[in-house]
Amino acid sequence: MRRLYYRLQMHRARGQSDETQIIERLTVDVPKTFVEFGFHPVQFNCIKLAANPSWRGLLIDGNPQQVADARALLPERIDVVERFLTLENLEFIKHAFSQIGVLSIDVDGNDYWFLRELIGTRPAVISVEYNSTFGLEPITVPYDPAFNRYEKHPKGWYHGASLTALAKLCAHHGYGLAAVSHKGANAFFTQSGKLDPKVAWKPNTLREVYSGIPHDRQWEEIRNLPYETV
């Protein structure tokens, strides 16, 4: 029944807000390959690319049920791998395609450290979730190979990196900020992006809705946890 429901939802394929539209706009002339990790079978950033016969993709997640569902729902040209990722087991991603059109990272944990390790693959478009609760300081959570956001903080707000931290990392490798999703969850970087992250930054409105806690109060609950300035 779950998979039947998912099949009925496939025509409404989307990301958390307008991520799929942003990716379509930024991928007009890029290699037709994507790598995305951290996904739901019918809700992930590259889902419209997965539906396009011209594209090949690699999806990775540590949840066996979501992986099994994605394998049942998606075409064979989309490789779906079950793996809990650490810095020690990312090597296969680097060799998945000769060129990567889109690299999409949303693991609610070591996002910054995974991007730092994989940015050398030179994807045409980088999509990465930023943690708006961290504000505008260039900070990230320290790397933890067993990272679990709810073990770190009961509300799950302590994870990932700020938008400015991700923008600084990308700028060091020749990428600029090209877009931020409407609901303030995902940032997109290209070699031609020119947005100022401090101006383009948006609060995560979904987090405000789900938690009932205003954005400016969220930082107060996690500010004393450990961070690395990058």
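Residue indices begin from 1 for each chain and proceed along its sequence in written order. Local features in this predicted model are restricted to residues whose pLDDT is 70 or higher, and side-chain atom pairs enter the listing and the counts only when it is 80 or higher, whereas totals over whole chains, interfaces and linings include all residues. Heavy atoms throughout the structure, all of them, feed into the side-chain values; hydrogens and water do not.

(A) Just unusual backbone geometry, in detail. The phi angle at D108 is positive, at roughly 55°, despite the residue not being glycine. Here a strand is any run of E in DSSP of at least two residues, a helix any run of H or I of at least four, and the numbering for each starts at the N terminus. Along the polypeptide, D108 turns up in the loop between strand 4 (102-105) and helix 6 (111-118). The residue R122 is not glycine, and still its phi comes out positive at about 55°. Mapped onto the fold, R122 is located in the loop between helix 6 and strand 5 (125-129). The cut-offs for exposure are 20% and 50% of the maximum accessible area for each residue type, with area from a 1.4 Å probe on protein chains only; residues under the lower value are buried, those over the upper are exposed, and the others partly exposed. The partly exposed category is assigned to R122, whose relative accessible area is 37%.

(B) Representation of the nonpolar core. By nonpolar core is meant a set of buried Ala, Val, Leu, Ile, Met, Phe, Trp, Tyr and Cys residues that side-chain atoms within 4.5 Å join together. If you look at the biggest cluster of nonpolar residues, it comprises 34 residues, and the most contacted ones within it are V35, F37, L115 and F189. Listed by contribution, the elements that provide at least two residues to this core are strand 1 (33-37), strand 2 (56-61), strand 4, helix 6, strand 5, helix 8 (163-172), strand 7 (176-180) and strand 8 (186-190). In terms of residue count, the dominant contributor to this core is helix 8 (6 residues). By definition, residues are in contact when any of their heavy atoms lie within 4.5 Å. Not counting residues up to four positions away in its chain, the partners in contact with V35 are L58, I60, I93, F97, I100, V102, L103 and S104.

(C) Looking closely at the packing of aromatic side chains. Centre distance within 6.5 Å is the pairing criterion for rings of Phe, Tyr and Trp, where only the six-membered ring of Trp is used; planes under 30 degrees apart are then read as stacked, over 60 as edge-to-face, and the remainder as tilted. For the structure on display, the rule yields 9 aromatic pairs. Measuring from ring centre to ring centre gives 6.1 Å for F37 and F114, while their planes differ by 65°; the resulting arrangement is edge-to-face. Here F37, found in strand 1, pairs with F114, found in helix 6; they are 77 residues apart in sequence, far enough to count as distant. Across this residue pair, the class does not change: F37 and F114 are buried.

(D) Representation of the pattern of salt bridges in the model. The working definition used for a salt bridge is a side-chain nitrogen of Lys or Arg within 4 Å of a carboxyl oxygen of Asp or Glu. Evaluated as defined, the whole model comprises 6 salt bridges. Between K94 and E91 there is a salt bridge, with the nearest N and O atoms lying 3.5 Å from each other. Taken together, the positions of K94 and E91, both in helix 5 (residues 91-94) and 3 residues apart, correspond to about one turn of that helix. Taking relative accessible area as the criterion, E91 reaches 43% and is therefore assigned partly exposed. In this structure, D108 engages R149 in a salt bridge whose closest nitrogen and oxygen atoms are separated by 3.0 Å. Of the two residues, D108 is situated in the loop between strand 4 and helix 6 and R149 in helix 7 (residues 149-152); the sequence distance between them amounts to 41 residues. Each of the salt bridges in this network shares a partner with another, and the network as a whole consists of E91, K94 and E117.

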